[in-house]
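In case you want the letters, here they are:
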Amino acid sequence: MRIIDQMSEYNDRRFVLPLAKHLISPHYTIRRSAARALKRIGDDRLYPVILNMVNSANPVHRIYFIEAMNFLYDRRFYPSLTGMLNDDNKSIRIYVLNCLKENRIYDQSA
């Protein structure tokens, strides 16, 4: 985790994709550190990685996407996030509702 935090201090865009791979780590603290670091770096190369998570057949990866939105939310992800309210998995729907509520994310169509 410290290594991830230190990588973000350099604000080097070469770290974006290696850090993004940690967004699906089974360890919450690593996912959280990676998301915070990616937020600091702020690079759009992360966008395809995020879309892969939201479209994953693995429900755990979709939940990790929702967790990442607590740090990396961008209005471009609003349709993906709210679209998950129709997911067959009840846990995913609950995670989305909590994310929208906790982060005060409202309709972004305007």
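Structure first, text after, so check above.
Each value, and the rule that gives it
- Residues numbered from 1 in each chain as written.
- Predicted model: local features only at pLDDT ≥ 70, side-chain atom pairs only at ≥ 80, totals over all residues.
- Heavy atoms only, no water.
- Helix = DSSP H or I, 4+ residues; strand = E, 2+ residues; numbered from the N terminus.
- Buried < 20%, exposed > 50% of the residue type's maximum accessible area, 1.4 Å probe, protein only.
- Polar contact = N/O pair within 3.5 Å; in protein donor to acceptor, adjacent residues only side chain to side chain.
- Expected span 1.5 Å × (residues − 1).
- 1 Å grid on protein atoms, 1.4 Å probe; cavity = no way out; pocket = protein on both sides within 12 Å on 5 of 7 lines; lining within 4 Å.
- Points joined across faces, edges and corners; volume = space filled by probe spheres on them.

Draft legend 1. Local environment of the side chain of Asp43. With respect to the helices, strands and loops of the structure, Asp43 is situated in the loop between helix H3 (28–41) and helix H4 (47–54). Its relative accessible area of 14% is what places Asp43 among the buried residues. From its side chain, Asp43 meets the backbone nitrogen of Arg45 in a polar contact 2.7 Å long.

Draft legend 2. Looking closely at H3. Given a rise of 1.5 Å per residue, 14 residues ought to cover 20 Å, and the 20 Å separating the end C-alpha atoms of H3 matches this to within 8%. Considered for burial, the residues of H3 that qualify are Arg31, Ser33, Ala34, Ala35, Ala37, Leu38 and Ile41. Phi for Gly42, located one or two positions after H3, is positive at around 60 degrees.

Draft legend 3. View of the layout of surface pockets. Approximately 180 Å³ is the volume found for the largest pocket. In this structure, the largest pocket is lined by 13 residues; those nearest its centre are Gly42, Asp43, Leu46, Leu72 and Asp74. When contributions to the lining of the largest pocket are tallied by element, the ones reaching two or more residues are H3 and helix H5 (59–72).

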